[in-house]
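# Summary of the model geometry
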Amino acid sequence: MVVNYIREFQLKAGVPRDHLYDTTMYILCSMLIAGLICNYLIKPVDPKWNMSADEVARLQAASANSEAAIQHGSFGIGKGGFDVRAALFWAFVGIPLAWGVYKTLESVVKIF
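As a starting point, this report considers the structure included with it. Since we're looking at a predicted model, the values are computed, not measured. (Residues numbered from 1 in each chain as written. Predicted model: local features only at pLDDT ≥ 70, side-chain atom pairs only at ≥ 80, totals over all residues. Heavy atoms only, no water.)

## Section: the overall build of the chain
Looking only at helices and strands, the chain has four helices and zero strands in total. For the chain, the α and β elements follow one another from N to C terminus as α-α-α-α. Across the 112 residues that make up the chain, the buried fraction comes to 4%. When the accessible surface of the chain is split by element, carbon and sulfur atoms take 68% of a total near 10400 Å². (Helix = DSSP H or I, 4+ residues; strand = E, 2+ residues; numbered from the N terminus. Buried < 20%, exposed > 50% of the residue type's maximum accessible area, 1.4 Å probe, protein only. Areas by Shrake-Rupley, 256 points an atom, 1.4 Å probe, with all protein chains shown as cover.)

See the structure below:
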């Protein structure tokens, strides 16, 4: 995304096409260096924030008790079938997908 913004800005500024990515590569390199510095600055968590074995055991026991009270299951998945609402949502996704496949195949036919 950054590359597209920079490229469009440079095109509008009149930069020749053979020099279009010079500044872009410097910016991407600086972003890579900034990421490496940020990764280097990450340190382990202070041991004072770690939980003791007793705290972990209490939390797991409480979680197991509350987990037993929760009802598990599909909660209606697969019970509605294919109705008008489902067809509309599939059309909402399927029509743009089919159009994209059509346009791609149309471009492929031009190559061959």
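## Digging into the packing of aromatic side chains
Aromatic ring pairs are described here by two measures, namely the spacing of the ring centres and the angle between the planes. Counting across every chain of the model gives one aromatic pair. For the ring pair Trp99 and Tyr102, a centre distance of 5.8 Å and an interplane angle of 40° mean the geometry is tilted. With Trp99 and Tyr102 both in helix α4 (residues 84-111) and three residues apart, this pair spans about one turn of that helix. Look at Trp99 and you get exposed, because its relative accessible area is 54%. Judged by relative accessible area, which is 46%, Tyr102 ranks as partly exposed. (Phe/Tyr/Trp six-rings, centres within 6.5 Å; stacked < 30°, edge-to-face > 60°.)

## Looking at the packing of helix α1 (residues 2-13) against helix α2 (residues 22-41)
Following both chains from N to C, one finds α1 and α2 inclined at 150°, their axes separated by 10 Å at the closest point. Here α1 is positioned roughly antiparallel relative to α2, judged by the angle of their axes. For α1 against α2, the interelement crossing comes out right-handed. Note on element contacts: α2 touches α1 through Thr23, Thr24, Ile27, Leu28 and Met31, opposite Val2, Val3, Ile6 and Gln10. Within the contact of α1 with α2, the residues separate by chemical class into six nonpolar, three polar and no charged. (Axes fitted to C-alpha atoms, helices over the stretch in contact; angles between N-to-C directions. Parallel < 35°, antiparallel > 145°, perpendicular 65-115°, else oblique. Left-handed = near helix turned anticlockwise from the far one by under 90°. Contact = heavy atoms within 4.5 Å. Nonpolar A, V, L, I, M, F, W, Y, C, P; charged D, E, K, R; others polar.)

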